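If you want the building blocks of each chain, they are given just below.
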Amino acid sequence: EAAEKGGYPHFMIKEINEQPEAIRTTIMPRIKEGLPFLEECGITTETIKDFKNITIVACGTAMHAGMVGKYVIEDLARVSVNVDIASEFRYRNPIVGEGDLVIIISQSGETADSLAAMRLAKQKGAKTLAIVNAKGSSIAREADMLIYTLAGPEISVPSTKAYITQLSVMYLFAFELALAKETISTAECKRLVSALTKMPEAVQYVIDNCEEICKFVATKLVATDSLLYIGRGLDYALSMEGSLKLKEVSYIHSESYAAGELKHGTISLIDEDVPVIAVATQTGIIPKTISNVVEVKSRGAKVILVCTDACARELKDGVADYVIEIPHTDELLMPITAVVPLQILAYYTSINRGIDPDKPKNLAKSVTVE
Ligand code: G6P
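Residues numbered from 1 in each chain as written. Predicted model: local features only at pLDDT ≥ 70, side-chain atom pairs only at ≥ 80, totals over all residues.

Asks: Would you take a moment to explain unusual backbone geometry for this structure?
Replies: Excluding glycine, most residues fall at negative phi; most peptide bonds, likewise, are trans. One non-glycine residue, Asn93, lies in the positive phi region at around 45°. Of note in this structure, Asn362 is not a glycine but carries a positive phi near 70°. Looking at the secondary structure, you find Asn362 in the segment after helix H14 (334-352). (Helix = DSSP H or I, 4+ residues; strand = E, 2+ residues; numbered from the N terminus.)

Below, the structure written as structure tokens:
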């Protein structure tokens, strides 16, 4: 096993470090002449241009990749997207049918609820697109269209590199759909694709530059019982994954909240013992999130702020207790880099609490029974 870990103490940190390569391997064969090329996956302008509604169905981390996908697809392609938890979708007579697209995201391709949800969608006449990591898995075999994430085997129970490749595929698909719907120009699509190809490098930069600060901040979370993640828009979608990662591997209770919703109840939980991890990468709404940071700080919370370098430069002294800066890339693509410090923070918090992050108690890599 030591050899398999390639010199890393755990698969989780090994797989975090494999992310730049995983993104590269996943996207490069799907780009041709600067545009998305998904023909081999059954996706062309013709096959997708008429979809009116999209539902994304998945569980756990894969569902969180779907949340990011929703923001990106709606923003670029102007198609309405629902994201559903597979175990909910399958038991509530969902409104999908002919002319709709149901996207199933799954690392293993064997999650019982996701597979059942896909079968139900097909039965109701929807077209299905699977985004799957495990080759030849049940979900991969049964879907109408299939895009493999090429992350390679993911061993650690908490998903890291599979998630980042699921995001990468969601972006490529959103770009292709936006082209098909003619909601973006070819030139704009090329610009987005080019920005996506720079993400492996950006992720590597974040790994190289954020590990120390994340390691340090993790020492401050050892004795925490409960914490909150906040963000808006894509930052909120991303925070859901940050929160899940932390609770999976550290056993600290955490919740992700849309920052603007805090004042409708959750702020009553805030005191000096409940740290807040705020994510602020979306320029237009950064001031709004920062105003929520000020609110929780004034109620005693310790604040860890994950934000762009540009945002960090403009921060007033003392707004946050710890600032984790990441480079500004294309706005829509920020979740790809911003997830990395959240993963590393979860990893070191787990280690500091004496937990094996690769095998958290009560969790399985793949849930093939209900
Ligand atoms: C389990 C794993 C999670 C994963 C979820 C969905 O709960 O522990 O890491 O996100 O299943 O798995 P899938 O293979 O469908 O992506």
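Now that the structure has been shown, we can carry on.
Asks: Before we go on, may I ask you to explain the site of the ligand in this structure?
Replies: By nearness alone, 17 residues border the ligand, and Gly60, Thr61, Ser106, Ser108 and Thr111 come closest of all. Considered class by class, the residues forming the shell around the ligand number seven nonpolar, nine polar and one charged. (Near = placed C-beta within 6 Å. Nonpolar A, V, L, I, M, F, W, Y, C, P; charged D, E, K, R; others polar.)

Asks: How should the sheet that holds strand S4 (residues 80-85) be read in this particular structure?
Replies: Within a sheet, adjacent strands bond to each other through the backbone by hydrogen bonds, running parallel or antiparallel. Strands sit in the order S4-S3-S5-S6-S7 across an open sheet of five strands; the sheet is parallel. The two strands at the open ends of the sheet, each matched to only one other strand, are S4 and strand S7 (145-148). In this sheet, adjacent strand axes meet at a mean angle of 20° when their direction is disregarded. Alignment of strand S5 (residues 101-106) against strand S6 (residues 127-132), held across six bridges, turns out to be parallel. What sits directly across from Ile104, in S6, is Ala130. Contacting strand S3 (53-58), S5 and S6, helix H6 (residues 112-123) crosses the sheet at an angle of about 165° to S5. (Pairing = 2+ DSSP bridges. Axes fitted to C-alpha atoms, helices over the stretch in contact; angles between N-to-C directions. Contact = placed C-beta atoms within 7 Å.)

Asks: When you look at helix H11 (residues 234-250) in this model, what are you seeing that I'm missing?
Replies: Because an α-helix packs 3.6 residues into every turn, residues spaced three or four apart end up facing the same way. Taking 1.5 Å of rise per residue, the 17 residues of H11 would be expected to cover 24 Å, and the 24 Å separating its terminal C-alpha atoms lies within 8% of that figure. Counted residue by residue, H11 has 16 buried out of 17 residues, so it is predominantly covered. (Expected span 1.5 Å × (residues − 1). Buried ≥ 20, exposed ≤ 12 C-beta atoms within 10 Å, placed from the backbone.)

Asks: Just checking my understanding: could you explain the confidence of the model for the protein for this structure?
Replies: Reading fine detail from the predicted coordinates is not recommended where pLDDT is low. Taken residue by residue, the protein gives an average pLDDT of 96. The fraction at 70 or more is 100%. Across the assembled chains, the prediction reports ipTM 0.98 with pTM 0.97. (pLDDT = per-residue confidence, 0-100.)

Asks: Teacher, can you tell me more about the pairing of strand S8 (residues 226-231) here?
Replies: Regular strands place their side chains on alternate faces of the sheet. By the criterion of burial, S8 is predominantly enclosed, with five of the six residues buried. Where S8 meets strand S9 (residues 253-258), six bridges bridge the pair, whose relative direction is parallel. Its bridge partner lying in S9, Ile230 is registered against Tyr257. In this region the chain leaves S8, passes through H11 and returns to the parallel neighbour S9; the handedness of that crossover is right-handed. One ladder, built from three bridges, connects S8 with strand S10 (residues 276-280); its direction is parallel. Bridging across to S10, Ile230 finds its partner in Ala278. (Right-handed = clockwise from strand over helix to strand, strands pointing away.)

Asks: Looking at this structure, how should I read helix H9 (residues 186-197)?
Replies: For H9, built from 12 residues, the straight-helix expectation of 16 Å at 1.5 Å per residue is met to within 8% by its first-to-last C-alpha distance of 16 Å. Taken as a whole, H9 has its buried residues at Leu192, Val193 and Leu196. Here the buried residues of H9 occupy an arc of 100° about the axis, which is enough to place them on one side. In H9, those exposed residues whose orientation departs by more than 90 degrees from the buried face are Ala187 and Ser194. Looking at the buried residues of H9, the elements they touch are helix H2 (19-27), strand S1 (31-32), strand S2 (35-36), helix H8 (161-180) and helix H10 (199-220). (Arc of directions from axis to C-beta.)

Asks: Before we go on, may I ask you to explain the packing of H2 against H10 in this structure?
Replies: Two numbers describe a pair of packed helices, the interaxial angle and the distance between the axes. At a minimum axis separation of 8 Å, H2 and H10 run at an interaxial angle of 175°. By the criterion of interaxial angle, the relationship of H2 to H10 is roughly antiparallel. Along its contact with H2, which presents Gln19, Pro20, Ile23 and Arg24, the element H10 presents Met199, Pro200, Val203 and Gln204. Of the residues contributing to the contact of H2 with H10, the split by class is five nonpolar, two polar and one charged. (Parallel < 35°, antiparallel > 145°, perpendicular 65-115°, else oblique.)

Asks: In this structure, what is going on with the sheet that holds strand S11 (residues 303-308)? I would like to understand it.
Replies: Taken in spatial order, the five strands of this open sheet run S9-S8-S10-S11-S12, and their pairing is parallel. Unpaired on one side and paired on the other, S9 and strand S12 (322-326) mark the two borders of the sheet. Each neighbouring strand pair of the sheet contributes to a mean axis angle of 15°, computed without reference to strand direction. Lying on the sheet, H11 is in contact with S8, S9 and S10; it crosses S9 at an angle near 175°. Against the sheet, H14 makes contact with S10, S11 and S12, and its axis sits at roughly 140° relative to S12, the strand it touches most.

Asks: Before we go on, may I ask you to explain the environment of Ala180 in this structure?
Replies: Summarising the element assignment, Ala180 is placed in helix H8. Ala180 gets classed as partly exposed once you count the C-beta atoms within 10 Å, which come to 19. In sequence terms Ala180 and Ile85 are 95 residues apart; their C-alpha atoms lie 27 Å from each other. Setting aside anything within four residues of it in sequence, one finds Ala180 in contact with Thr45, Ile48 and Lys49.

Asks: Mind showing me how you'd approach the nonpolar core here?
Replies: Side chains of nonpolar character tend, in soluble globular proteins, to be buried together. Among the nonpolar cores identified, the biggest contains 130 residues, and Val68, Ile104 and Ala174 are the most heavily contacted of them. Considering every element that reaches this core, the biggest residue donor is H8, with 14 residues. Not counting chain neighbours up to four residues away, the residues in contact with Ala174 comprise Gly69, Val72, Ile73, Leu76 and Ala77. (Core = buried A, V, L, I, M, F, W, Y, C linked by C-beta atoms within 7 Å.)

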